Amino acid sequence: MTDNHNVDQTLAALGATTAEQVVSNFAQVRARFDAEAGANSSDVAQWNAFLVAWTGRKSGVLTKITDNWLKPATPELKRAVGQELNQLKAHIDGVVKEKQAAIEAAAEQAAAARDQIDLSLPGIEHTIGSRHLIRQTYDELLRIFGAIGFSVVEGPEIETPYYNFEALNIPEHHPARDNMDTFYIEGARNGDLLRTHTSPMQIRTMEKEKPPVRIVVPGKVYRRDNPDATHGYMFHQIEGLAVDTDITFCDFKGTVDYFARAFLGPKTKTRLRPSYFPFTEPSAEVDATCHVCGGSGCRVCKQTGWIELFGAGMVNPAVYGFVNYDPERLSGFAFGMGVDRLAMMKYGVTEVPLLFQNDVRFLRQF
Ligand code: PHE
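Attention here is on the structure that accompanies the text. Values in this document were obtained by computation on a predicted structure and should not be read as measured data.

**Things to note about the overall build of the chain**
Inference 1: Assigned secondary structure in the chain consists of 14 helices and nine strands.
Inference 2: Expected size for 366 residues packed as a compact globule is a radius of gyration near 21 Å; at 48 Å, the chain overshoots this value by more than 25%.
Inference 3: Judged by the C-alpha coordinates and their principal axes, the chain covers about 135 × 45 × 45 Å.
Inference 4: Counting only residues that meet the buried cut, the chain has 43% of its 366 residues in that class.
Inference 5: Accessible surface for the chain amounts to roughly 20,400 Å². Of this, 53% is attributable to carbon and sulfur atoms.
Inference 6: A gap of 4 Å separates the mean positions of the 38 positive and 45 negative side-chain charges of the chain.

**Focus: unusual backbone geometry**
Inference 1: A cis amide bond, omega 5°, links Pro-211 with the succeeding residue Pro-212.
Inference 2: Here Pro-212 shows up in the loop between helix H9 (200–208) and strand S4 (213–222).
Inference 3: Residue Glu-281 is joined to Pro-282 through a cis peptide bond whose omega torsion reads -5°.
Inference 4: On the secondary structure map, Pro-282 appears in strand S7 (residues 280–289).
Inference 5: Backbone geometry places Asn-169, a non-glycine residue, at a positive phi of 70°.
Inference 6: Looking at where Asn-169 falls in the secondary structure, it is placed in the loop between helix H7 (161–164) and helix H8 (175–179).
Inference 7: Not every positive phi belongs to a glycine, and Asn-324 is a case in point at roughly 60°.
Inference 8: Its relative accessible area of 76% is what places Asn-324 among the exposed residues.

**Observations regarding the pairing of S4**
Inference 1: In terms of burial, S4 is largely enclosed, as eight of its 10 residues are buried.
Inference 2: As defined by bridge partners, strand S1 (residues 151–152) adjoins S4 across two bridges and the pair is classed as parallel. Across the sheet, residue Val-152 finds its bridge partner in S4, namely Val-216.
Inference 3: By the bridge criterion, 10 bridges tie S4 to strand S5 (residues 234–244) in an arrangement that is antiparallel. In the strand pairing of S5, Lys-220 is matched with His-236.

**Some points on helix H12 (residues 339–347)**
Inference 1: By the burial criterion, the buried members of H12 are Val-339, Asp-340, Leu-342, Ala-343, Met-344 and Met-345.
Inference 2: Of the surrounding secondary structure, the elements contacted by the buried residues of H12 are helix H6 (133–146), S5, helix H10 (249–264), strand S8 (306–315), strand S9 (331–338) and helix H13 (353–357).
Inference 3: Where H12 terminates, the next one or two residues include Gly-348, which has phi positive at roughly 70°.

**Considerations on the pattern of salt bridges**
One side chain can pair with another of opposite charge once the charged atoms of both are near each other.
Inference 1: Enumeration according to the criterion identifies 12 salt bridges in this entry.
Inference 2: As a salt-bridge pair, Arg-204 and Glu-159 come within 2.7 Å of each other at their nearest N and O atoms. Taken together, the positions of Arg-204 in helix H9 and Glu-159 in strand S2 (residues 158–159) put the pair 45 residues apart, joining distant regions of the chain.
Inference 3: Note on Arg-204: relative accessible area 24%, which makes it partly exposed.
Inference 4: Ionic pairing is found between Arg-271 and Asp-287, a salt bridge with its closest N-O pair at 2.9 Å. Here the residue Arg-271 occupies a position in strand S6 (residues 270–277), and Asp-287 occupies one in strand S7, the gap between them amounting to 16 residues.

**Considering the site of the ligand**
Inference 1: Among the 14 residues in the neighbourhood of the ligand, the closest are listed as His-197, Ser-199, Arg-223, Gln-237 and Gly-336.
Inference 2: In the environment of the ligand, a nitrogen atom lies 3.0 Å from a nitrogen or oxygen atom belonging to the side chain of His-197.
Inference 3: Here a nitrogen atom of the ligand sits 2.9 Å away from a polar atom, N or O, in the side chain of Ser-199.
Inference 4: Its free accessible area being 330 Å², the ligand has 93% of it covered by the protein chains.
Inference 5: Mapped by element, the contributors of at least two residues to the shell around the ligand are S5, S8 and S9.
Inference 6: If one sorts the elements of the shell around the ligand by residue count, S9 sits on top with three residues.

**Considering the packing of aromatic side chains**
Inference 1: Scanning all chains against the criterion turns up 20 aromatic pairs.
Inference 2: Aromatic pair Phe-26 and Trp-69: ring centres 5.3 Å apart, planes at 80°, arrangement edge-to-face. Residue Phe-26 is located in helix H2 (residues 19–40), and its partner Trp-69 is located in helix H4 (residues 61–70); the two are separated by 43 residues in the primary sequence.
Inference 3: A residue is classified by how much of its surface remains accessible, and Phe-26, at 3% relative accessible area, is buried.
Inference 4: Note on Trp-69: relative accessible area 13%, which makes it buried.

**Here's the deal with the nonpolar core**
Inference 1: Within the largest apolar cluster, 41 residues are counted, with the highest numbers of intra-cluster contacts made by Phe-259, Leu-309, Phe-310, Phe-333, Phe-335 and Leu-342.
Inference 2: Of all the secondary structure elements, the ones that give two or more residues to this core are H6, S5, H10, S7, S8, S9, H12 and helix H14 (360–363).
Inference 3: Among the elements that take part in this core, H6 stands out by supplying seven residues, more than any other.
Inference 4: Leaving out residues up to four positions away in the same chain, Phe-259 has contacts with Leu-141, Ile-144, Phe-145, Leu-309, Phe-310, Met-337 and Leu-342.
Inference 5: Leu-11, Leu-62, Ile-65 and Val-81 belong to the second-largest nonpolar core, a separate cluster that totals 26 residues.

What counts, and at which threshold
- Residues numbered from 1 in each chain as written.
- Predicted model: local features only at pLDDT ≥ 70, side-chain atom pairs only at ≥ 80, totals over all residues.
- Heavy atoms only, no water.
- Helix = DSSP H or I, 4+ residues; strand = E, 2+ residues; numbered from the N terminus.
- Rg over C-alpha atoms; globule rule 2.2 N^0.38 Å.
- Buried < 20%, exposed > 50% of the residue type's maximum accessible area, 1.4 Å probe, protein only.
- Areas by Shrake-Rupley, 256 points an atom, 1.4 Å probe, with all protein chains shown as cover.
- Lys, Arg positive; Asp, Glu negative; His and termini not counted.
- Charge placed at Lys NZ, Arg CZ, Asp CG, Glu CD.
- Pairing = 2+ DSSP bridges.
- Contact = heavy atoms within 4.5 Å.
- Salt bridge = Lys/Arg side-chain N within 4 Å of Asp/Glu carboxyl O.
- Near = heavy atom within 4 Å.
- Polar contact = N/O pair within 3.5 Å; in protein donor to acceptor, adjacent residues only side chain to side chain.
- Phe/Tyr/Trp six-rings, centres within 6.5 Å; stacked < 30°, edge-to-face > 60°.
- Core = buried A, V, L, I, M, F, W, Y, C linked by side-chain atoms within 4.5 Å.

Here it is, written out as structure tokens:
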């Protein structure tokens, strides 16, 4: 706080009889002001009290100078005192504005420092997941077939025996029904069931669509296997079906070759082994040369040089009878792939349970 008493003494001690004395008196007052302004500008309360002491209307220094120096001044000195007083006021004004701005800026800075959020603390980590290996493999397989004009359709996981068996040329007492250990919804052998393969969608599609048909069907399928390293009770398939007026066995083999090269690499070769499915004739198992050793034999292909890819064949004309397609005019091929198997084979996964435990340390590798 400014020492008013001292200023008063200064004012009282300074009598002016000449213009030079006036100038020197004001210079002293001004020096005092500067010194006090410097000493009082760091604290807002102090600064405000200092302002009142100097510029307050009632008894501020400027008022006192007006009353004690200007008003009683002789006519010869009045002009000099007035001029000096105005200059002093202007000086004080300037300094006050400057200090005021500095004080406000400092106050703002202090408030900002107070409100600052401490970003140095460790935040909550949100780990980002990855696409599941099965999903990635689905996308890859569907893309490969999409590129040659197959469109994707999906169907129900709960099926009727008609679509899952009968219309696929697997009649009631056909042994193939026993091979596909089936989950029946109500336990009854001729009631609704969990589809054992995606092939029912061949029938559902041909019932609805006129030829040509070119579809792939991704989906879950269910079989009553005892779960072990290579079996679960649910797995994933992609069904394929192409039917048109002029599809030959060459188209079938060409599509198989295209697929094997796209999925396993451009050097891959394929072979067909005779097989049996009631809904294809002839039927085949498609093998590809091993993607690890290239066919010379290794641990992955169990020294055979070949990897089993999927089951397939030319659509059995008996199937066309169930969907009112003309077997004289139409022909086609079909295939059914195990997505889990293909994913495990390509990415070197040896245990089926790993695909379902969803341990992030496993999933992150792909
Ligand atoms: N549906 C057969 C299976 O699950 C695979 C298959 C589909 C075979 C289409 C031939 C044609 O084993």
